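Chain and residue survey
One letter stands for each residue in the lines below.
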Amino acid sequence: MALSNYGELRTSIADLLVRDDLTAKIPDFVMLLEARVNREVQFRNRRMETTTTLTFTGDEATLPADYIETRTLVWQSTPRIRLEYQTPSVFENTYTTDTPADPVNYTVVGDTVTVGPYPNSTVGAVLAYYQRLSALSADTDTNWLLTYHPDVYLYGSCIESAPYLGEDERLQTWIGLYRDAAAAVAGDDTRSRYSGAPKKQTIDVRNVV
């Protein structure tokens, strides 16, 4: 069973479900699985990370179309400043005027990121973020999840088929296999980031009173 691209994945899903009449529906099952992956925190993996430079108009910039969540946002002044997140309400209470200065905070509302204080330059900021999974559409398409964890795609798509197929006694089997595969994604991320080294705990003494 080959699972190196979208065409092979669809064939494998049909074979696993033992159905040859789902050609039109299998792409929907795959799409639903991709939506699940984009939502679930356990799939936040270093292979989903990327960076882009945001250009600001005043104190606002538009987030990338494939944005899920921020890793870091760094204002490109000299020296650079890693901006700290504030909720929209706290941000609005903090920055009540447009007095220019180097930004130190940011907030996100909809597809817009706003920094405060109001920028005193136009150097922009580098955003490191989790991006949405590249959706499969053409037969030869692949992405990091299909390459490194094809079982997530296979068993997750079979789970998504259950509402369409009705009662399927294999559903709990698909769920169990999918959960094992999803856990392996999280474990892979931890191992690749820290190479087996223990994580050192630190205490922020600035917040100790």
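Described in the following lines is the structure provided in the data block. (Residues numbered from 1 in each chain as written. Predicted model: local features only at pLDDT ≥ 70, side-chain atom pairs only at ≥ 80, totals over all residues. Heavy atoms only, no water.)

Brief notes about the sheet that holds strand S8 (residues 125–131)
To keep it simple, the criterion reads: Two strands qualify as a pair provided DSSP detects at least 2 bridges between them. In this text, helices come from DSSP runs of H or I with a minimum length of four residues, and strands from runs of E with a minimum of two, each type numbered from the N-terminal end.
The strand order S1-S8-S3-S4 describes an open sheet built from four strands, whose pairing is antiparallel. Because the sheet does not close on itself, it has two edges, and the strands there are strand S1 (49–54) and strand S4 (81–82). For strand S3 (residues 67–75) and S8, the ladder comprises seven bridges, and the chain directions are antiparallel. Within the sheet, the bridge partner assigned to Thr72 lies in S8 and is Ala128.

Some thoughts on the side chain of Arg44
Test applied: Here a polar contact means two N or O atoms within 3.5 Å. Within protein one must be a hydrogen donor candidate and the other an acceptor candidate, and residues neighboring in sequence count only if both atoms are side-chain atoms.
Here Arg44 is to be found in the loop between helix H2 (26–39) and S1. Among the polar contacts listed, one links the side chain of Arg44 to the backbone oxygen of Asn38, at a separation of 3.2 Å.

Quick notes on the packing of H2 against helix H5 (residues 150–165)
Keep this limit in mind: Axis geometry follows a simple rule: fit a line to the C-alpha atoms, using only the stretch in contact for helices, then measure angles between N-to-C directions, giving values from 0 to 180 degrees. Roughly parallel means an angle under 35 degrees; roughly antiparallel, over 145; roughly perpendicular, 65 to 115; everything else is oblique. Left-handed is the label given to a crossing in which the near helix is rotated counterclockwise from the far helix by less than a right angle, and right-handed is the label when the rotation is clockwise. When checking whether two residues touch, look at their non-hydrogen atoms; a contact exists if any pair is within 4.5 Å. Residues are sorted three ways: Asp, Glu, Lys and Arg are charged, Ala, Val, Leu, Ile, Met, Phe, Trp, Tyr, Cys and Pro are nonpolar, and all the rest, Gly among them, are polar.
Packing of H2 against H5 brings their axes to within 8 Å, and their N-to-C directions diverge by 115°. Taken together, the axes of H2 and H5 are roughly perpendicular relative to one another. At the point where H2 passes H5, the crossing takes the right-handed sense. Counted together, Phe29, Val30, Leu32, Leu33, Glu34, Arg36 and Val37 of H2 and Val152, Tyr153, Gly156, Ser157, Ile159, Glu160, Ser161 and Tyr164 of H5 form the full contact between these two elements. Within the contact of H2 with H5, the residues separate by chemical class into nine nonpolar, three polar and three charged.

Quick notes on the packing of aromatic side chains
In this description, an aromatic ring pair is defined by two values, namely the gap between the centres and the angle between the planes. Selection criterion: Stacked, tilted and edge-to-face pairs are distinguished by plane angle, under 30 degrees for stacked and over 60 for edge-to-face with tilted covering the rest, among Phe, Tyr and Trp rings (Trp via its six-membered ring) whose centres lie within 6.5 Å. Note on exposure labels: buried denotes an accessible area under 20% of the residue type's maximum, exposed denotes more than 50%, and partly exposed covers the range between, all computed with a 1.4 Å probe on protein chains only.
Applying the stated criterion to the full structure yields seven aromatic pairs. Between Phe56 and Trp75 the ring centres are 5.3 Å apart and the planes differ by 65°, which places this aromatic pair in the edge-to-face class. With Phe56 in the loop between S1 and strand S2 (60–62) and Trp75 in strand S3, this pair connects stretches of sequence that are 19 residues apart. With relative accessibility at 0%, the residue Trp75 sits in the buried group. Consider the rings of Tyr155 and Trp174, whose centres lie 6.5 Å apart with planes at 15°: the pair is stacked. Placement of Tyr155 in helix H5 and of Trp174 in helix H6 (residues 171–194) is noted, with a sequence separation of 19 residues between them. Here Tyr155 matches Trp174 in class, with each residue buried.

The analysis is restricted to geometry; functional conclusions fall outside its scope.
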